[in-house]
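Close look at the chain arrangement
Below are the chains, spelled out letter by letter.
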Amino acid sequence: MCAASNPVAGRDGLAVLDAEEIRRALTRIAHEILERTHGGGEIILLGIPTRGVPLARRLAALIGEFEGLEVPCGSLDVTMHRDDLRLHPARALGRTDLPAAGVDGKTVVLVDDVLYSGRTVRAALDALTDFGRPLTVQLAVLVDRGHRELPIRADYVGKNLPTSQREVVHVLLAEVDDTDAVLIEDGGQP
Amino acid sequence: MKRHLISAADLSRADALLILDTAEELASLADRPIKKLPTLRGRTVVNLFFEDSTRTRISFEAAAKRLSADVINFSAKGSSVAKGESLKDTALTLEAMGADAVVIRHSASGAAHRLAGWVQGSVVNAGDGTHEHPTQALLDAFTIRRRLKGLNGAGTRGAGLDGIRVTIVGDVLHGRVARSNVLLLSTLGAEVTLAAPPTLLPLAVGSWPCAVSYDLDSELPKSDVVMMLRVQQERMTAAYFPSVREYSRRYGLDKARMARLPEHAIVMHPGPMNRGVEIAAEVADSARSTIVEQVANGVTIRMAVLYLLLGGTEFPEVTQ
């Protein structure tokens, strides 16, 4: 198709981050979270399925490594709160698994792989409201590819990736895809 | 998923697992401070009940409300049906009111199927005569999977019921629950045996995907699940057994019979129970009984069904 064809995990596309770069980006984000939350005492990391969940776990492990604290980590499925449900056939649900202590009064860091339109994050904010009232909510993403449709921004970004809307960004993680990489592919359709 | 849920036979293994997995994720809703999701906001679900029912109607109502759908309850008593309105005219009235889904319970077998041809929305069969009751079978499968395939549902995602031996006991002839369960449980890989007196088995039972036994006692030691069915005296037009007492002696589950079950086996009943007839009170109240759990799971599974039927895009055949 194009010269940038890449055989990673059988997907076409240009590799923009490899495993080492992903690891370094997450390490930096983990330090930034600690810095911004003054040591990470009252934080909860919530991954948005599918690939936000392993990213949240990796961040929790890194924070544990740096500061020796156990950061509660969970997953928050946003399917039932999406605004585009009627545009697709009914989707299978992801897992929602919140730490037993709840979110009231805590600093919740939402974790996702790609920030694009911002609609998933909007749905996540709605879903979170049903579980309690966090003190603050922050957002960490591995890739910010722009093209926001809502007034939402990330607090922690692994890599800003300027894209065109016809391109497709694939985040591959070892827990789900057996390899770590971020690929960008020409989607063909405008 | 198809557009309607009329029969358990319409569900492929993949469809059934999708419903069970969806229910598994929705089950945690009951533990949350706000037990409501905005998913079906603006959709209307009509509960069309031509037959008495408490748990099924309330269960569908709770499920629809937890998904934020608007619910209209319609019972034949005190409606125009009492004045002689036909099912079709009632259906067209509901259609004009813009029902997105109709949940129907009717005393005539095939009523749900007929209704599906008259309305645009999805039809969910909540029991039609002696034919089927698919959501009951789904909640039973869900209960079995949660109890016997992994604790707390964590490891059950995508799991079928392969290798689980289910014995369904009692009035198979008048029971729509039995037919739906046989079809669904065998689709999911369970081995189903019907244990009933010959007079309470339908003629065509030989073509069902299950084994048949007239002797409950020999089936008990090899059962992982025993499902007791209600003796449906209101549907019985002839003498199917000499006396209730004899039936209870031969096919009722009492404490002594329960002791013959394997250690892990569970006892199910779709309700309402006739305590002392098909099930003894101490069995119904024992730790092995899943009867209360089945009611809670009923709401969850009906949420999953309503979400999968109504939560996505309109079906293509409707928009054409």
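Residues numbered from 1 in each chain as written. Chains lettered and ligands numbered in written order. Predicted model: local features only at pLDDT ≥ 70, side-chain atom pairs only at ≥ 80, totals over all residues.

What follows covers the overall build of chain B. Regarding its fold elements, chain B presents twelve helices and nine strands. By the compact-globule yardstick of 20 Å for 320 residues, chain B fits well, its C-alpha radius of gyration being 19 Å. Across its three principal directions, the C-alpha atoms of chain B cover 55 × 45 × 35 Å. Taken across its 320 residues, chain B has 48% of its residues classed as buried. A fraction of 75% describes how many contacts in chain B between residues 6 or more apart in sequence connect residues 24 or more apart. (Helix = DSSP H or I, 4+ residues; strand = E, 2+ residues; numbered from the N terminus. Rg over C-alpha atoms; globule rule 2.2 N^0.38 Å. Buried ≥ 20, exposed ≤ 12 C-beta atoms within 10 Å, placed from the backbone. Contact = placed C-beta atoms within 7 Å.)

Time to look at the interface of chain B and chain A. On the chain A side, the residues contacting the 16 residues of chain B number 16 residues. Of all elements in the fold, only helix H1 (13-26) and helix H11 (291-310) of chain B reach the threshold of two or more residues within the side of chain B that touches chain A. Residue contributions to the side of chain B that touches chain A peak at four residues, all from H1 of chain B. For the side of chain B that touches chain A, a count of residues per class yields seven nonpolar, six polar and three charged. (Nonpolar A, V, L, I, M, F, W, Y, C, P; charged D, E, K, R; others polar.)

Cis geometry marks the peptide bond from proline 49 of chain A to threonine 50 of chain A, where omega comes out at 5°. If you trace the backbone, threonine 50 of chain A turns up in the loop between strand S2 (43-47) and helix H2 (52-67). Cis geometry marks the peptide bond from glycine 271 of chain B to proline 272 of chain B, where omega comes out at -10°. Its place among the elements puts proline 272 of chain B in the loop between strand S9 (266-268) and helix H10 (281-284). Although it is not a glycine, aspartate 178 of chain A adopts a positive phi angle of roughly 70°. Positive phi, normally seen in glycine, also occurs at serine 68 of chain B, with a value near 70°. Among the structural elements, serine 68 of chain B can be located in the loop between helix H2 (55-66) and strand S2 (70-75). The class of serine 68 of chain B is partly exposed, set by 15 C-beta atoms lying within 10 Å.

This part is about the confidence of the model for chain B. All names here are of chain B. On average, residues of chain B carry a pLDDT of 90, and 94% of them reach 70 or more. Counting contacts from residues 316-320, a segment whose pLDDT is below 50, to residues more than four positions away or on other chains yields two contacts. Scored as a complex, the prediction yields pTM 0.91 and ipTM 0.86. (pLDDT = per-residue confidence, 0-100.)

Residue and element names in this part refer to chain B. One open sheet accounts for five strands, arranged S7-S6-S5-S8-S9; its pairing is parallel. Two strands bound the open sheet, and with one partner strand each, they are strand S7 (211-213) and S9. Going from strand to strand, the sheet's axes swing by 20° on average, the running direction of each strand aside. Pairing of strand S8 (residues 225-228) with S9, which is carried by three bridges, proceeds in the parallel orientation. (Pairing = 2+ DSSP bridges. Axes fitted to C-alpha atoms, helices over the stretch in contact; angles between N-to-C directions.)

Glancing now at the sheet that holds strand S7 (residues 167-172) of chain A. Residues and elements named next belong to chain A. Ordered in space as S1-S8-S7, the three strands form an open sheet in which the pairing is antiparallel. At either end of the open sheet lies a strand with only one pairing partner, and these are strand S1 (14-17) and S7. Each neighbouring strand pair of the sheet contributes to a mean axis angle of 30°, computed without reference to strand direction. Sheet analysis places S1 next to strand S8 (residues 181-186), joined by three bridges and oriented antiparallel. The residue bridging alanine 15 from the neighbouring strand is leucine 183, located in S8.

Residues and elements named next belong to chain A. With respect to the helices and strands, glutamate 65 occurs in helix H2. Note on glutamate 65: 11 C-beta atoms within 10 Å, which makes it exposed. Along the primary structure glutamate 65 and alanine 30 are separated by 35 residues, whereas in three dimensions their C-alpha atoms are 10.0 Å apart.

Our focus in this paragraph is the nonpolar core. All names here are of chain B. Core analysis: the largest hydrophobic core is formed by 97 residues, its most contacted members being Val102, Val103, Ala141, Val169, Leu184 and Leu306. The element contributing the most residues to this core is H11, with ten residues. Two domains each put at least three residues into this core: domain 1 (8-132 + 296-319) and domain 2 (135-290). Each residue touching alanine 141, except ones within four places of it in the same chain, is listed here: Leu20, Leu161, Leu184, Leu185 and Leu188. (Core = buried A, V, L, I, M, F, W, Y, C linked by C-beta atoms within 7 Å. Domains from an automatic or database assignment.)

A separate point is the domain arrangement of chain B. All names here are of chain B. In terms of domain boundaries, chain B breaks down into domain 1 (8-132 + 296-319) and domain 2 (135-290). A separation of 25 Å is found between the C-alpha centroids of domain 1 and domain 2. No other element matches H1, which puts eight residues into the side of domain 1 that touches domain 2.

The subject of this paragraph is the packing of H2 of chain B against H11 of chain B. In a pair of packed helices, the angle between the axes and the distance between the axes together describe the arrangement. Residues and elements named next belong to chain B. Taken N-terminus to C-terminus, the directions of H2 and H11 make an angle of 55°; their axes are 8 Å apart at the nearest point. When the interaxial angle is binned, H2 and H11 end up oblique. Remark: the crossing between H2 and H11 carries right-handed chirality. Mapping the contact onto sequence places Arg55, Ser59, Phe60, Ala62, Ala63, Ala64 and Arg66 in H2 and Val295, Gly298, Val299, Arg302, Met303 and Leu306 in H11. (Parallel < 35°, antiparallel > 145°, perpendicular 65-115°, else oblique. Left-handed = near helix turned anticlockwise from the far one by under 90°.)

The two faces of the sheet receive side chains in turn, since in a regular strand these alternate between them. Both S7 of chain A and S8 of chain A contribute to a ladder of six bridges, which runs antiparallel. Across the sheet, valine 169 of chain A pairs through a bridge with isoleucine 184 of chain A, a residue of S8 of chain A.

To continue, consider the packing of helix H1 (residues 19-36) of chain A against H2 of chain A. Residues and elements named next belong to chain A. Where H1 meets H2, the axes come as close as 9 Å, and the angle between the chain directions of the two elements is 65°. Crossing handedness for the pair H1 and H2: right-handed. Touching Leu26, Thr27, Ile29, Ala30, His31, Ile33 and Leu34 of H1 are Arg58, Leu59, Leu62, Ile63, Phe66 and Glu67, all from H2. Within the contact of H1 with H2, the residues separate by chemical class into nine nonpolar, two polar and two charged.

All names here are of chain B. Counting through the fold element by element, alanine 304 comes out in helix H11. Overall, the presence of 29 C-beta atoms within 10 Å leaves alanine 304 in the buried class. Distance from alanine 304 to arginine 105, taken between C-alpha atoms, is 19 Å for residues 199 residues apart in sequence. Excluding anything up to four places from it in sequence, alanine 304 contacts Ile19, Thr22, Ala23 and Leu26.

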